[in-house]
Structures are given as structure tokens and as C-alpha cells.
Amino acid sequence: MNGSRIAAVGHYQPAKVLTNEDLAGMVDTSDEWIRSRVGIRTRHIAGPDEPVDELAAHAAAKALAAAGLAPGDIDLVLVATSTAVDRSPNMAARVAARLGIPSPAAMDVNVVCAGFTHALATADHAVRAGASVRALVIGADKMSDVTDWSDRTTCVLVGDGAGAAVVEAADRPLIGPVLWGSVPEMGHAVRIEGTPARFAQEGQSVYRWATTQLPAIARKACERAGLAPEELAGVVLHQANLRIIEPLAEKIGAVNAVVARDVTESGNTSAASIPLALSKLVEQGALATGDPVLLFGFGGNLSYAGQVVRCP
């Protein structure tokens, strides 16, 4: 075995749906204003009794079931999140306990919106190095916990949810080489900080960076996988804003690809957004087993990470 693959995916969203009309009753905004600026129609919001690890465990259980695996088959749990309330036990350990995974390595990865693709690369490296046989990689965030619901510039953006993938050894690389990096001197452009912690961003700075700097980086991720952008069957970008997703996908040059637009239904779910959107495309039959799909996370810390994977 000299590679790894995504064996299965799963996702979970809380039952409560918050519409643009609901938000218009809370802050000075409207459905037209929100749709025209970010493309979002609805988002799912977790209740006070639904912590991040519960969202993550639901998505992970679905991925395990789809792979036909038992909790004992997993030896590594990685949870990408930036909304954990407690420092210890970490989210990965709490998810392992909820699922009954007996003795895994359990680590959290905090790269905010690029967290899942960083965690996926870490799992790929661990499996290929022989440090893990089968890993559970989860992106889960409860953005509603860190949102100022009186700030119309941020509260219209966010949602809660989780997505998960099972990564296991394969006889050839079906998770492409990661291309990752950051712009640390611009880390202030996206923040979750303070007491209580609150999400804030410099929207125009993020928009300019994403639409001008990231297309070339995403194309390089395709090159590392040995594919031209037009060979992609799917593109799953971080679901930040439809006005970022659509021009970025166009500039990448993936003219034949299905482009995930789950942001319209789910809002910005941070580290959950890529696995959540990928799992939905698989569930809907929009992507077939073996299809090459670019996953590309970007945002918080002005970090990015992308790789081409073969669809489970």
C-alpha cells in the first residue's frame, strides 16, 4: 500500500433552520440584501444542548456506516474545528468516546475554514507513513456560538454543521498531494477572539485575496495531482460566500466540473463546509465513484489547503 483513499463520507446538520426572513426580524437586513451579497438563503443552527462534538459524532457515524465499518476499525481521529469551548478533553477524544472508538490517536486541528483539508492531508500522510491504518477525519463547527447576533455583517453568514470522511490505505494515491500555506501577516482579516469569543472579518480584504490570489494556488494543487483543471469532475471550495465561490471556480478553469454551492442552504459552516458539501453531492448522485474532485479550503489565518481526491 503506497497511497490512501476516502472510503466514505457523511454529514449532519441541526434541525433548526434560520431563514433570511427570520434574520430580517432580528437585525436591519432583508432577504434581497443577503442573497445579493452572499447568496445565502438559509442556515442550520444548533441548540444550546447540541455541542460541537455531538454534531461531529453524528456525521462520523454516518461516514462509518457508509464505509461498512465499526468504531473499532478506526485508529486515528482528527477533528477540524475552531469553535471548541473547552481545551481538554479535545473534540477528537470526545467524538471517540461518543462513538466507542477504543484507543485511537485523537487530535484537533484548528485552521478555521481550511481545517478540514489540512486534517485530510494529515490523515493521508499518517496512513501512507504507516502510522495509521484507518482514520476518521471530521470538520465540525458551531459558528452560532461565536456570532454576535446583533451584527448584521456577520450573523447573516454563519451556520452550524459537520462533515466526515473515512480515510484508509489504498494501493495507489487516491488523495492527491496537498498544497498548503498561509499569509500570517494578514491573519487579522478573519478572527475568532475575545471573551466571549466572537467571529469578525474584514470582508473586502478576504474577497480580494480569495478571488485574486487563490485561483493560481488551486491550479497548482491540480498540477500536483497530475490533472488539468478541465479534467475535474467536481470542485468543492470552502463555502464562504457565493460571490467568492463562483468567480474562484471560474478562474480555476474547471469548466466541466460540478461546483458545490451548498452555502446557499447552509451558510458558512467554517471547517464543516467542505466535507458537508462533498457528502451532499455524493448523496445526491452528482458525483460518481472515482471522479476527480478538487477540495480547497481557505479563510481563517488567511490559510489555504487543497488537494484532488477521488470520489468515494
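Scroll up to find the structure this text is about.
Scoring rules and cut-offs
- Residues numbered from 1 in each chain as written.
- Predicted model: local features only at pLDDT ≥ 70, side-chain atom pairs only at ≥ 80, totals over all residues.
- Heavy atoms only, no water.
- Pairing = 2+ DSSP bridges.
- Helix = DSSP H or I, 4+ residues; strand = E, 2+ residues; numbered from the N terminus.
- Contact = heavy atoms within 4.5 Å.
- Axes fitted to C-alpha atoms, helices over the stretch in contact; angles between N-to-C directions.
- Parallel < 35°, antiparallel > 145°, perpendicular 65-115°, else oblique.
- Left-handed = near helix turned anticlockwise from the far one by under 90°.
- Nonpolar A, V, L, I, M, F, W, Y, C, P; charged D, E, K, R; others polar.
- Expected span 1.5 Å × (residues − 1).
- Buried < 20%, exposed > 50% of the residue type's maximum accessible area, 1.4 Å probe, protein only.
- Phe/Tyr/Trp six-rings, centres within 6.5 Å; stacked < 30°, edge-to-face > 60°.
- Lys NZ or Arg CZ within 6 Å of the ring centre and 35° of its normal.
- Salt bridge = Lys/Arg side-chain N within 4 Å of Asp/Glu carboxyl O.

Caption draft 1: Examining the sheet that holds strand S12 (residues 258-259) more closely. One open sheet accounts for five strands, arranged S8-S14-S13-S11-S12; its pairing is mixed. Pairing within the sheet leaves two strands with one partner each, and these edge strands are strand S8 (179-182) and S12. As paired strands, strand S11 (residues 234-237) and strand S13 (residues 292-298) are joined by four bridges and run parallel to one another. Within S13, the residue paired with Val-236 across the bridge is Leu-295. Packing of helix H9 (residues 242-252) onto the sheet brings it into contact with S11, S12 and S13, and relative to S11 it is tilted by some 135°.

Caption draft 2: Spotlight on the packing of helix H8 (residues 214-224) against H9. Taken N-terminus to C-terminus, the directions of H8 and H9 make an angle of 50°; their axes are 9 Å apart at the nearest point. One way to sum up the angle between H8 and H9 is to call them oblique. For the element pair H8 and H9, the recorded crossing hand is right-handed. For the pair H8 and H9, the contacting residues are Leu-214, Pro-215, Ala-218 and Arg-219 in the first and Leu-248, Lys-251 and Ile-252 in the second. By residue class, the composition of the contact of H8 with H9 is five nonpolar, no polar and two charged.

Caption draft 3: Geometry of helix H3 (residues 52-67). Its 16 residues give H3 an end-to-end C-alpha distance of 23 Å, which sits within 8% of 22 Å, the value for a rise of 1.5 Å per residue. Looking at H3, one finds that the buried residues are Val-52, Asp-53, Glu-54, Leu-55, Ala-56, Ala-57, Ala-59, Ala-60, Ala-63 and Leu-64. Residues of H3 that are buried make contact with strand S1 (3-12), helix H4 (91-99), strand S6 (134-142) and strand S7 (160-170). Gly-68 lies just past H3 and shows a positive phi near 70°.

Caption draft 4: Structural context of the packing of aromatic side chains. A complete count under the given rule lists one aromatic pair for this structure. Ring plane angle 40° and centroid distance 6.3 Å describe the contact between Phe-296 and Phe-298, whose orientation is recorded as tilted. You'll find Phe-296 and Phe-298 in the same group, each marked buried. Looking at Arg-152, its charged tip hangs above the ring of Trp-33, at a distance of 4.6 Å from the centre. The ring of Tyr-207 has Arg-243 lying over it, and the distance from NZ or CZ to the ring centre is 5.5 Å.

Caption draft 5: Looking closely at the pattern of salt bridges. Under the counting rule described, the total for this entry stands at 11 salt bridges. A salt bridge links Glu-168 to Arg-5; the nearest nitrogen and oxygen atoms lie 2.5 Å apart. Of this pair, Glu-168 sits in strand S7 while Arg-5 is found in strand S1, placing the two residues 163 residues apart along the sequence. We classify Glu-168 as buried; its relative accessible area is 11%. Classification of Arg-5 by relative accessible area gives partly exposed; the value is 32%. Here Glu-202 ties to Arg-191 by a salt bridge, and the two come within 3.9 Å at their closest N and O atoms. With Glu-202 in the loop between strand S10 (198-201) and helix H7 (203-212) and Arg-191 in strand S9 (residues 190-193), the pair connects residues that are 11 residues apart, well separated along the chain. Look at Arg-191 and you get partly exposed, because its relative accessible area is 24%.

Caption draft 6: Examining the pairing of S13 more closely. Where burial is concerned, most of S13 is hidden: seven out of the seven residues are buried. Every second residue of S13 is oriented toward a common face, with Pro-292, Leu-294, Phe-296 and Phe-298 on one face and Val-293, Leu-295 and Gly-297 on the other, all of them buried. The pairing of S13 with strand S14 (residues 303-310) spans seven bridges and is classified as antiparallel. Directly across from Phe-298, in S14, lies its bridge partner Tyr-304. Hairpin connection from S13 to S14: four residues lie between these consecutive antiparallel strands, with Gly-299 at a positive phi of about 140°.

Caption draft 7: Representation of the environment of Lys-16 in the model. The topology assignment puts Lys-16 in the loop between S1 and strand S2 (17-19). Lys-16 sits 144 residues away from Asp-160 along the chain, and the two C-alpha atoms are 9.9 Å apart. Ignoring any residue separated from it by four or fewer positions in sequence, one finds Lys-16 in contact with Arg-43, His-44 and Ile-45.

Caption draft 8: Broad picture of H7. Of the residues making up H7, those classed as buried are Ser-205, Val-206, Trp-209, Ala-210 and Thr-211. Packed against the buried residues of H7 are S9, S10, H8, H9, S13 and S14.

Caption draft 9: Up close: the environment of Ala-67. Inspection of the secondary structure assignment puts Ala-67 in helix H3. Of the residues examined, Ala-67 reaches a relative accessible area of 24% and is grouped as partly exposed. Taking C-alpha positions, Ala-67 is 9.8 Å from Val-167, a pair spaced 100 residues apart along the chain. Among all residues touching Ala-67, those that are not within four sequence positions of it are Ala-8 and Val-166.

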